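Residue strings, one per chain:
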Amino acid sequence: MLREIRPAIVLLLALTAITGLAYPLAMTGIAEALFPAQAQGSLIEKDGKVVGSALIGQEFKEDKYFHGRPSATLAPDPNDSTKTVSAPYNAANSGGSNLGPTSKALADRLKEDVDKLKAENPNAAVPVDLVTTSGSGLDPDISPEAAQFQVPRVAKARNMPEDQVKQLVTSHTEGRLLGLLGEPRVNVLALNLALDRIAAK
Amino acid sequence: MTVIGWLQIILYCAIVVALAKPLGWYMTRVFNGERTFLSPVLRPIEAGLYWISGVDEKREQHWLTYTVAMLLFHVGGFLIIYGLMRLQALLPFNPAGQTAVAQDLSFNTAISFITNTNWQNYGGESTVSYLVQMLGLTHQNFLSAATGIALAVALIRGFSRASMRTVGNFWVDVTRCTLYVLLPICVVYALFLVWQGMPQTLGDYVEATTLEGAKQTIAVGPVASQVAIKMLGTNGGGFFNANAAHPFENPTALSNFVQMLSIFAIGAALTNVFGRMVGNQRQGWAILAVMGVLFVAGVAVTYWAEANGTATLHALNLTGGNMEGKEVRFGIVASSLFAVITTAASCGAVNAMHDSFTALGGMIPLINMQLGEIIIGGVGAGLYGMLLFVVIAIFVAGLMVGRTPEYVGKKIEAREVKMAMLAILVLPLMYLGWTAVGVVYPTAVASMANAGPHGFSEVLYAFTSQTANNGSAFGGLTGNILFYNLTGASAMFVGRFFMIIPAMAIAGSLAGKKTHPPSAGTFPTTGGLFVGLVVGVILIIGGLTFFPALALGPIVEHLAMNAGNVF
């Protein structure tokens, strides 16, 4: 058995160096050469400043923007570092609500949000993704129904005809891959950037 | 449930089955030490590794030596991770300035990664440096996976050899698995993931100013290289806290589909390796069929339950299924499918929060793990777990007809059956025993995030997941406290090694036996009767051990929900 001790040390260190350093560093080099934009995090710049990532959702509260899904991400409480406070779309601490199917807290939160949305647009059914938090708290997308639901509010806030906003939503709707994989969706940040571009003209 | 949803599930199953044969052919060549198309590049590296570490690749090991070598390898792996986590503040590649990780959390995490569990009591982006992610966690993702595969191959050799004292050489199996199987696939796979949008950088976290003028710190890092092996090696430990739900860790529907395929690819191919090595590929297909029956049944239940939604959602006229904790780009079907796959295998990556699943939708992941993750299972671990159940099933069949049971030409006798039962019984001891402690110990009770039966499910899930070396969680539970860090580590340790050692004892005992040619009285182990028998034995043993615990958790929660209760 003693002859097994040398490989347990030397082979472990050698394989660790290969898989833990050589492999990730080589991948970093190749990825940055082949796919520099993705490797950096698919960042979006506007006037030379980073406004976010195409893949990471951000919080929108103003009426003139389409809103993403509720987010359950947290951040350390600035007053007491042992506690956490709600910090929607905190992209340095991803996570979901973890509220279960019989949670009273979830039932109350859903009711409150549904009532708010019904008041905003009484004519349409409330889409489920607009009141549920995502798994990461950073979901960049909403369903096409959730985008259409918000059209009247956005159009009113921007003094734009509803049809024009609706059309913009349709042109930003991505379908399933090959008509099969995934779900139809609208990237909220991309849609809002498009709205701002129209406004700038 | 929709037609498009079921088409995605069928396409997934078809590709997994189609990949099993070519990958099984390639892996058989690798573990038989034959030349492969990668040999011109990799053979010099392989020979160099043996030379510096003093390994004689021609010298085979007795099962006990093989097991001791594996254990020594893990002691070293444990020390590397523990040391790196404690010292990360002093080491390079730490742009976010992470401080030393606490002793109990480092201990839990080190055990978690050497046992291929990857239970996360730490939050990736908020706790550990890039160096720990690469040198500590990525390396152990490779090596714990390679170890599992090596052990499965050693057990297969036990079945396929006759009258021999040895089962292979651990160092050679681990090295060849890492170099010829895991690394080449990961290189291509990681680049594919970057192309899909996954970051791969050593740069700082990005400071963005949102359209509404708020500050957003965006965590990035060398994600793709780690995610590739995390899925392929059924490790599951996420780069980010939200794991594969995080858009950087799973950017598109395509990246999600390929990640699901990579969880099952090696485990499914190992059934083919088994068939090839024992000289009849149909033996492998029969085992894959047992796994397939249990898998599809689980997918159907979870998909139905999630698409159906909850009473709370129905009361508010919200249709479209239970989207709490799920991402829009995956929707109900890809989230349900992923949850069943990740717990059938011992992966534990999640693309949706299992804690927010419906009671029945979340019960299937629990059952998958409590059965010992034998439905494809962890790379290697799934096959040797399943072969333990096969031993029991063959024994039961032998009792029914009054003959000494045989499997692939080997007589299954008292020693093999005792070892198989030991491995199968030690798992419930851990997850039921610690759950019983967890629901009465006040500090542990205070860690539950949900009240009512769901809180019980959270604790049961935590210990089940760790015992089964899965690593997924009902994430609301605050796991990072001394109690859970220590009890969890013990569950992961026992769940891994008390399954491995009996399995290796069986390998050694079988390798020494003669092979008997099949006769008219031999129970055929390639047909539907055998598949049905094994499925039955699995469900009976499983049902008797954990059904009472499920009744206290998900089942009573489902009934309470239908009665309109919230907690």
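Residues numbered from 1 in each chain as written. Chains lettered and ligands numbered in written order. Predicted model: local features only at pLDDT ≥ 70, side-chain atom pairs only at ≥ 80, totals over all residues.

A. Inspection of the overall build of chain A at higher detail. Scanning chain A for helices and strands turns up 6 helices and 7 strands. Secondary structure of chain A in N-to-C order comes out as α-α-β-β-β-β-α-β-α-α-β-β-α. Here the C-alpha radius of gyration of chain A, 23 Å, is well above what a compact globule of 201 residues would show, namely 17 Å. With respect to the principal axes defined by its C-alpha atoms, chain A has extents near 80 × 45 × 40 Å. Looking at chain A as a whole, 48% of its 201 residues are labelled buried. (Helix = DSSP H or I, 4+ residues; strand = E, 2+ residues; numbered from the N terminus. Rg over C-alpha atoms; globule rule 2.2 N^0.38 Å. Buried ≥ 20, exposed ≤ 12 C-beta atoms within 10 Å, placed from the backbone.)

B. Examining the overall build of chain B more closely. Secondary structure summary: chain B contains 19 helices and 4 strands in total. The C-alpha radius of gyration computed for chain B amounts to 23 Å, which stays within 12% of the reference 24 Å derived for 567 residues, consistent with globular compactness. The 567 residues of chain B split such that 62% are buried. Sequence-distant contacts in chain B: of pairs separated by 6 or more residues, those separated by 24 or more amount to 78%. (Contact = placed C-beta atoms within 7 Å.)

C. Main features of the sheet that holds strand S6 (residues 173-174) of chain A. Residues and elements named next belong to chain A. If you trace the 3 strands from one edge of the open sheet to the other, you get S5-S7-S6, paired in antiparallel fashion. Of all strands in the sheet, those bounded by a partner on one side alone are strand S5 (141-142) and S6. By the bridge criterion, 2 bridges tie S6 to strand S7 (residues 185-187) in an arrangement that is antiparallel. Looking at the pairing, Thr173 lines up with Val186 of S7. (Pairing = 2+ DSSP bridges.)

D. Main features of the pairing of strand S1 (residues 43-46) of chain A. Residues and elements named next belong to chain A. Pairing of S1 with strand S2 (residues 49-53) involves 4 bridges; the strand directions are antiparallel. Note that in S2 the partner of Ile44 across the bridge is Gly52. Hairpin connection from S1 to S2: 2 residues lie between these consecutive antiparallel strands, with Asp47 at a positive phi of about 50 degrees.

E. Spatial organisation of the domain arrangement of chain A. Here chain A is described as being made up of domain 1 (2-40) and domain 2 (43-69 + 102-200). One C-alpha centre belongs to domain 1 of chain A, the other to domain 2 of chain A, and the line joining them spans 41 Å. (Domains from an automatic or database assignment.)

F. Highlighting helix H6 (residues 188-200) of chain A. Residue and element names in this part refer to chain A. In a regular helix each residue adds 1.5 Å, so 13 residues correspond to 18 Å; H6 covers 18 Å between its end C-alpha atoms and thus fits that length. Inspection of H6 places Val188, Leu189, Leu191, Asn192 and Leu195 among the buried residues, and these make up the whole buried set. Axial view of H6: buried residues confined to an arc of 160 degrees, hence all on one face. For H6, the exposed residues set more than 90 degrees away from the buried face come down to Arg197 and Ala200. (Expected span 1.5 Å × (residues − 1). Arc of directions from axis to C-beta.)

G. Quick look at the confidence of the model for chain B. Mean pLDDT over chain B: 92, with 100% of residues reaching 70 or higher. For this predicted complex, the interface confidence comes out at an ipTM of 0.96, alongside a pTM of 0.95. (pLDDT = per-residue confidence, 0-100.)

H. Quick peek at the pairing of strand S2 (residues 215-218) of chain B. Residue and element names in this part refer to chain B. Burial along S2 is one-sided: Gln216 and Ile218 are buried, while Lys215 and Thr217, pointing the other way, are not. Across 4 bridges, the pairing between strand S1 (residues 206-209) and S2 is antiparallel. When the sheet's bridge partners are listed, Ala208 is paired in S2 with Gln216. Hairpin connection of S1 to S2: 5 residues between the antiparallel strands, including Gly213 at a positive phi of 90 degrees.

I. Geometry of helix H8 (residues 223-232) of chain B. For H8 of chain B, the buried fraction is high: 10 of the 10 residues fall into the buried class. Along H8 of chain B, the residues classified as buried are Val223, Ala224, Ser225, Gln226, Val227, Ala228, Ile229, Lys230, Met231 and Leu232 of chain B. In this structure, the buried residues of H8 of chain B make contact with helix H1 (5-34) of chain A together with helix H6 (130-160), helix H7 (170-196) and helix H9 (253-277) of chain B.

J. Structural detail: the environment of Tyr65 of chain A. Mapped onto the secondary structure, Tyr65 of chain A falls in the loop between S2 and strand S3 (74-77). Remark: the alpha-carbon pair of Tyr65 of chain A and Arg158 of chain A, spanning 93 residues in sequence, is separated by 9.0 Å. Residue contacts for Tyr65 of chain A: discarding those within four places in its chain leaves Phe60 and Asn192 of chain A together with Leu211 of chain B.

K. Spatial organisation of unusual backbone geometry. Residue and element names in this part refer to chain B. Despite not being glycine, Glu373 shows a phi value in the positive range, around 55 degrees. Residue Glu373 is classed as buried on the basis of its 29 C-beta neighbours within 10 Å. In the Ramachandran plot, Ile376 falls in the positive-phi region, its phi being about 65 degrees despite a non-glycine side chain.

L. Main features of the environment of Ala511 of chain B. All names here are of chain B. In this fold, Ala511 is placed in helix H18 (residues 482-511). For the pair Ala511 and Arg161, spaced 350 residues apart in sequence, the C-alpha separation works out to 5.3 Å. When sequence neighbours within four positions are dropped, the list of residues in contact with Ala511 reads Arg157, Gly158, Arg161, Met164 and Val167.

M. Examining the environment of Trp63 of chain B more closely. All names here are of chain B. Mapped onto the elements, Trp63 comes out in helix H3 (residues 63-87). Residue classification places Trp63 among the buried positions, given that 26 C-beta atoms sit within 10 Å. Separated by 448 residues in sequence, Trp63 and Ala511 have C-alpha atoms that sit 9.3 Å apart.

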